[in-house]
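Below are the chains, spelled out letter by letter.
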Amino acid sequence: MSLSNKGKGALRPTLLSAAIAASVSGAYAQEQETLEEVTVTGIRTSVLDSVEAKRAADVVADVVDAGALSSLPDQSIADALGRLPGVTTVRSNGQSSQLNIRGMNGDFLQTTLNGREQASTSGYTESTRWMSFDQYPAELINQAAVYKTPKASHIEGGVAGSVELKTANPLDADKEHNFNANVRMSFNDAADDVGADEFGERVTLSYMGKFMDDKVGVALGYSHLEQPNSFVKSRTGADGQIGYEPGNDFDGDGSEDVLPRAFQWQSGDGTDTRNGYLASVVFEPTDSFKAQLDYFKSDFERVDTRHGITVGGLANTNFYTLSDTEVNGGVVTDGTVIITDPKTTDDSSPWFESRSEDQSTQADSDSIGLNLEWNLGDRHTLAVDYSYSKGTKTRKDQIVSMHAYDLTYDDDGNLDTWEEAAGQSFAYSLNGDGIPSGVFSNVDFTDLDTMRLSRYEEYPHEYTDKVEAFKFDYKFDLEWRAIASIEAGFRVSERTFDSERGAFLYGSRDGQFNGYCADNLSDIDCEPQLLDGYVSVESTSGIPQFVVNDMDALASSIFGAGNYQGKKVFSQDWTFVESGTMKEEVFAYYLMANIDTQLGSIPVTGNFGVRVVETDVKSSGIQNVGAGNGIEITDDVGVTSDSYDYVEYGPEYTDTLPSLNLNFELTEQDYIRFAAAKVMGRPPVGQLKGGAGSWNSVNNETKDTEYNVWTKGSPYLDPFRANQFDLAYEHYFEDGGAVTAAVFWKDIESLVEKQYIYLDDQADRTALFDSLGIEIPVGLEAGAFETYVNNDKGGYIRGIELAGTKTFDQLPGIWAGLGMTASYSYTESETEVSGGNLYGENLPLPGLSENVWSTTVFWDIGNFSSHFNVRYRDEFILIMPIPGGSTPALAQAYTTVDAQISYAFDNGIDVVFSANNLTDEADVKSYGIDGVLGEYTEFGRQFYLGLNYSY
């Protein structure tokens, strides 16, 4: 996929060796006799190359050239792209991972590598199609572009925009053999606070060579990253208890006050290890034929172990005493919780626990593609492309909870009776939206005489995404009046998403007592288990507690080796419903005309065309159809049920997507661009799942037992569809740089939201179930139906984007090396989504920040290069994963600061020092109440010192 239809000479090729450098660009300043005679290159060259790439594009686009990728202190390409106008990032574990474009989150983006759709590795609580950009090392990408308007030849799916990642053609290298090596040591200044290793490293090697008289090119790249993944975190939530609960009138002012439902203090200790591999072989024996084979692989292991204190069950004030309260702004910001009866069930009264978790993930991505291109005569170009991409994401999701118990032993020393320790109390004080204080009484989280394992949980996740595609493209250089050429082609693809879920449960989250144990999928009886030999004492936010250092070893000692893995079981039928497959078969074809003409004295270029997309969606899974209505299925613990059946269903639909891009060259320096298009994007994968679960409830009025059905989604959801318009003005300076302004408008037809449907009339509820094909078990009545639906809350998204790049060559002496690039965007929308569990009202579109800006100042003096970047984004709605689903939360505004300095010696060695997150900016989220704690996470600053060698 090219940025321009003006030919290969439109863009200056950049060496892969420069892209892989992860330091300064490969161009070095020449020796100077005086400082007044400065040759400035460094980051300036890559910034100006990016400006020229934008100028040459035939669509509205922003580009990050390889020099910028290799010059900026980035671990993934998301950071580099996040500096573009209208583009923002979402941080995961302190690193930029997801992209938001023009106020829309990753669900609305399309991402390609060398023009090929990529499988996703971003699943955490559900299969996803948005890309996790930290999977891609910045060092292995030659160029990245954000297409904000489509053309007919683009792969559909980018309602917000499309991101194109490119690797280099080794035949474009300047020299016959090119080698680059980079080593950087890293240091995190906060890792030691949580017992993590502060040090890490990044190592990159690359080679490009040309052989057989420049007929064969070979590119090889390897990038290794290993660094701390640590954090300190607190939130007013735990498990499914999130945010604030309306309660009593605690301050006597006549209005209801709210109090936290739960608390967690956590410390995270882990390591990120990423290995990226790239290989390309290009065979170009003649000017009329070229074959290129590309392979890209990335393995990303995130060791993510957590420990801390959890307080749960504060929502039900009838089961505990709350005293010493202080209310500010309708929120109980201070209080003392006293457990009145530890022998309660079903999480109905508070509990205090020391908790250890293993949330480690493994993300593996493989992509391979073969492209064959023929130039048939002077006017015909034929290209065929085959690609296969696979992404796999697994998550451990292992939780060990420890409670304080009153224990009684019989004469033989065996545990006879037990219940949670009586008299436990907890005093808390909120500290705005920062980490609160907590003081516990009559409970010692470091006493082996009373502390026991109360609950063991394991919920393994595995998400797999496979994309296989074949593409055919034909171009005919017509040169007929305004039409320079005609392009046509088709693409056939099959994309399959698989989800596998399981569960192993033992004990009770709210503590056990004789006769009560919430879950037991093991072969042993439920009772509090000894911890001796498996715990150490650590501290989180000043609270000492036990930490389980090896959760697998503890589980093996209790349940036996291999007897605690997650299983699909009917007692937790969500393990079946949340597993399953969704397959999309797509046939797309297009016809496009490229324009090269004049309107009076004004040159006009661009394109117009149409893309037709035929989609066949099929979801398969398991559905609860009622006792006796299904087939006999045996779960992983040997229980057989006839209440379930396998289902496969889904629609076929066709989208016709016209597009127009016009570029008016008013002068050699001034351009106006106009674009209009209809775009579409498919809904999130988790919302397209087949299968359903159920629960029974009693109607308070009729006393009938009602059969209620829930689903993870519906394959019959319509895609996101929108009409969009763009208008941009661009002025390019003669000495390099530009100022640009753009306005855009998107009219979205509808969005997807979760709905709880309970019709007033029993006959209407029965008719609804009949229309959905849901069998109602004998003796039960139709009840509620909970699923995802297309709402009628579409509407506009509109905004303005301003950007500028300027070098100051006219300044005297060393100041001539100064330069700056900056961007600002304002976005607003009338679109809304449901407020979910935390907000009763509707909320703005997830990912939309009204104000976003980025500024980079760079300064090159001879062989010395430096730059300083500041990025800011307003608050925005973030879809937050929670057990069993997701919920929107308000992510607070944040500013990130990065910097780098380097010096290039004349022997090809560079010395580089860089820093990320210099201000130690925390991630702060609101859980429905502004100004008080929702979620607060600190990650620390990251520093790098290294060498780069180029040959």
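Residues numbered from 1 in each chain as written. Predicted model: local features only at pLDDT ≥ 70, side-chain atom pairs only at ≥ 80, totals over all residues. Heavy atoms only, no water.

1. With respect to the overall build of the protein
A tally of helices and strands in the protein yields seven helices and 58 strands. For 951 residues, the compact-globule formula gives about 30 Å, and the C-alpha radius of gyration of the protein, at 30 Å, lands near that figure. Projected onto the principal axes, the alpha-carbon positions of the protein cover approximately 95 × 65 × 60 Å. Residues counted as buried form 59% of the 951 residues belonging to the protein. The contacts of the protein with a sequence gap of at least 6 include a subset with a gap of at least 24, amounting to 73%. Total accessible area on the protein is roughly 35,500 Å²; 52% of this is exposed by carbon and sulfur atoms. (Helix = DSSP H or I, 4+ residues; strand = E, 2+ residues; numbered from the N terminus. Rg over C-alpha atoms; globule rule 2.2 N^0.38 Å. Buried < 20%, exposed > 50% of the residue type's maximum accessible area, 1.4 Å probe, protein only. Contact = heavy atoms within 4.5 Å. Areas by Shrake-Rupley, 256 points an atom, 1.4 Å probe, with all protein chains shown as cover.)

2. Structural notes on the side chain of Asn869
Tracing the sequence through the fold places Asn869 in strand β51 (residues 864-873). Given a relative accessible area of 1%, Asn869 falls into the buried group. At 3.4 Å, the side chain of Asn869 forms a polar contact with the side chain of Arg83. Excluding residues that lie within four positions of it along the chain, Asn869 makes contacts with Arg83, Ser854, Thr855, Thr856, Thr896, Val897 and Asp898. (Polar contact = N/O pair within 3.5 Å; in protein donor to acceptor, adjacent residues only side chain to side chain.)

3. Looking at the pairing of strand β55 (residues 909-916)
The pairing of strand β54 (residues 894-904) with β55 spans six bridges and is classified as antiparallel. Bridging across to β55, Gln900 finds its partner in Ser914. The antiparallel hairpin formed by β54 and β55 contains four residues in its connecting segment, where Gly908 sits at a positive phi of about 90°. In terms of strand pairing, β55 meets strand β58 (residues 942-950) through eight bridges, oriented antiparallel. Across the sheet, the residue bridging to Asn916 is Gln942, located in β58. (Pairing = 2+ DSSP bridges.)

4. Considering the side chain of Thr121
Mapped onto the elements, Thr121 comes out in the loop between β5 (116-117) and β6 (143-147). One polar contact links Thr121 to Gln135, side chain to side chain, over a distance of 3.2 Å. Those residues in contact with Thr121 that sit more than four places away from it in its chain are Ser132, Gln135, Ala363, Asp364, Ser365, Gly391, Thr392 and Lys393.

5. Let's talk about the state of the cysteines
This structure, assessed with the given rule, holds one disulfide. At a sulfur-sulfur separation of 1.9 Å, the disulfide partner of Cys517 is Cys526. Cys517 sits in the partly exposed class, given a relative accessible area of 26%. Given the relative accessible area of 16%, Cys526 is considered buried. (Disulfide = S-S within 2.5 Å.)

6. A look at unusual backbone geometry
Look at Glu479: it is not a glycine, yet its phi comes out positive at around 50°. You can see Glu479 is positioned in the loop between β28 (461-476) and β29 (483-501). Phi angles above zero are rare outside glycine, and Asp920 is one such case at about 55°.

7. Quick notes on a negative patch on the surface
On the surface, a cluster of negative charge is made up of Glu468, Glu494, Glu585, Glu614 and Glu652. The residue Glu585 is located in strand β34 (residues 580-599) in this model. (Patch = residues over 30% accessible without salt bridge, like charges linked within 9 Å, V, L, I, M, F, W, Y side chains within 5 Å. Salt bridge = Lys/Arg side-chain N within 4 Å of Asp/Glu carboxyl O. Lys, Arg positive; Asp, Glu negative; His and termini not counted. Charge placed at Lys NZ, Arg CZ, Asp CG, Glu CD.)

8. What about the pairing of β34?
Alignment of β29 against β34, held across 16 bridges, turns out to be antiparallel. Its bridge partner being in β34, Asp498 is matched across the sheet by Thr581. Here β34 runs beside strand β35 (residues 602-624); their pairing, made up of 19 bridges, is antiparallel. Paired with Met592 across the strands is Gly609, a residue of β35. Hairpin connection, β34 to β35: the antiparallel pair is bridged by two residues, and Gly600 has positive phi, about 70°.

9. So, helix α5 (residues 551-559)
For α5, the full list of buried residues reads Met551, Leu554, Ala555, Ile558 and Phe559. Along the axis of α5, the buried residues cluster in a sector spanning 105°; they form a single face. Those residues of α5 that are buried lie in contact with β20 (351-358), β23 (398-409), β27 (451-458), β30 (504-507) and β33 (543-548). N-cap assignment for α5: the residue whose side-chain oxygen lies 3.3 Å from the backbone N of Asp552 is Asp550. Gly560 lies just past α5 and shows a positive phi near 95°. (Arc of directions from axis to C-beta.)

10. Let's talk about the pattern of salt bridges
As a working rule, side chains carrying opposite charge can pair if their charged atoms are close by. This model, assessed by the stated rule, comprises 47 salt bridges. A salt bridge links Lys54 to Asp62, with the nearest nitrogen and oxygen atoms 3.1 Å apart. Neither residue differs from the other here; Lys54 and Asp62 are each classed as buried. Salt-bridge contacts for Glu353 lead to Arg355; the nearest nitrogen and oxygen are separated by 2.6 Å. Look at Arg355 and you get buried, because its relative accessible area is 3%. Beyond isolated ion pairs, a larger network of salt bridges with shared partners links Lys54, Asp62, Arg102, Lys148, Arg673, Asp726, Glu730 and Glu801.

11. What about the packing of aromatic side chains?
Geometrically, a pair of aromatic rings is defined through the distance of the ring centres and the angle of the planes. A full pass over the atoms with the stated rule returns 35 aromatic pairs. Between the aromatic rings of Phe187 and Phe199, the centroid separation amounts to 5.4 Å while the plane-to-plane angle is 50°, which identifies the pairing as tilted. With Phe187 in strand β8 (residues 177-188) and Phe199 in strand β9 (residues 199-211), the pair connects residues that are 12 residues apart, well separated along the chain. By relative accessible area, Phe187 is classed as partly exposed at 31%. Their ring planes at 45° and their centres at 6.0 Å tell us that Tyr459 and Trp574 sit as a pair that is tilted. Placement of Tyr459 in the loop between β27 and β28 and of Trp574 in helix α6 (residues 574-577) is noted, with a sequence separation of 115 residues between them. Assessed through its relative accessible area of 14%, Tyr459 is described here as buried. Pairwise contacts between aromatic rings join Phe263, Trp265, Phe352, Phe426, Tyr428, Phe440 and Phe445 into one cluster. Positioned above the aromatic ring of Phe733 is the side chain of Lys806, whose terminal nitrogen or guanidinium carbon lies 5.4 Å from the ring centre. (Phe/Tyr/Trp six-rings, centres within 6.5 Å; stacked < 30°, edge-to-face > 60°. Lys NZ or Arg CZ within 6 Å of the ring centre and 35° of its normal.)

12. Focus on the sheet that holds strand β7 (residues 161-166)
Across the sheet, five strands lie side by side as β1-β6-β7-β4-β5; this open sheet has mixed pairing. A strand with exactly one partner marks an edge of an open sheet, and here the two such strands are β1 (61-65) and β5.

13. Some points on the environment of Ser96
Note on placement: Ser96 falls in strand β3 (residues 95-101). Residues Ser96 and Ile77 lie 19 residues apart in sequence; the distance between their C-alpha atoms is 8.7 Å.

14. Re the nonpolar core
Counting 60 residues, the largest nonpolar core has Ile77, Leu81, Leu99, Met104, Phe108, Val163 and Leu165 as its most contacted members. Counting 56 residues, the second largest nonpolar core, distinct from the first, contains Val327, Ala421, Leu505 and Cys526. (Core = buried A, V, L, I, M, F, W, Y, C linked by side-chain atoms within 4.5 Å.)

15. A few points about the confidence of the model for the protein
Here the protein shows a mean pLDDT of 88. Residues at 70 or above account for 94%. Low pLDDT, under 50, characterises residues 1-41; the predicted model gives this stretch 134 contacts beyond four residues in sequence or across chains. (pLDDT = per-residue confidence, 0-100.)

16. Points about the sheet that holds strand β40 (residues 693-698)
In spatial order, the strands read β40-β41-β45-β44; together these four strands make up an open sheet with mixed pairing. The strands lining the two open edges of the sheet, one partner per strand, are β40 and β44 (752-757). Here the strands of the sheet are splayed against their neighbours by 20° on average, with no regard to which way each runs. Looking at chain direction, strand β41 (residues 705-710) and strand β45 (residues 781-790) are connected through four bridges and run parallel. When the sheet's bridge partners are listed, Tyr707 is paired in β45 with Ala782. (Axes fitted to C-alpha atoms, helices over the stretch in contact; angles between N-to-C directions.)

17. Describing the environment of Leu759
Relative to the assigned elements, Leu759 resides in the loop between β44 and α7 (762-771). Along the backbone, Leu759 and Ile861 are 102 residues apart, and their C-alpha atoms lie at a distance of 72 Å. Here Leu759 is in contact with Asp764, Arg765 and Leu768, once residues within four sequence places are set aside.

18. Some words on a nonpolar patch on the surface
A cluster of nonpolar side chains, Val281, Leu293, Tyr295, Ile368, Leu370, Tyr386 and Phe470, forms an exposed patch at the surface whose accessible area comes to about 550 Å². Sorting the residues of the nonpolar patch by element identifies β17 (289-312) and β21 (361-376) as the ones contributing at least two each. Counting through the fold element by element, Tyr295 comes out in strand β17.

19. Here we look at the environment of Thr45
For Thr45, the location among the structural elements is in helix α2 (residues 42-56). For Thr45, a relative accessible area of 26% gives the class partly exposed. Taking the C-alpha atoms as reference points, Thr45 and Gly736, separated by 691 residues in sequence, lie 9.7 Å from one another.

20. A word on α7
Inspection of α7 places Arg765, Leu768 and Phe769 among the buried residues, and these make up the whole buried set. Buried residues of α7, viewed axially, fall in a sector of 95°; they line one side. Structural note: α7 exposes Asp770 and Ser771 on the side pointing more than 90 degrees away from its buried face. Close packing links the buried residues of α7 with β41, β44 and β45. Taken from the residues just after α7, Gly773 is the one with a positive phi, measuring 75°.

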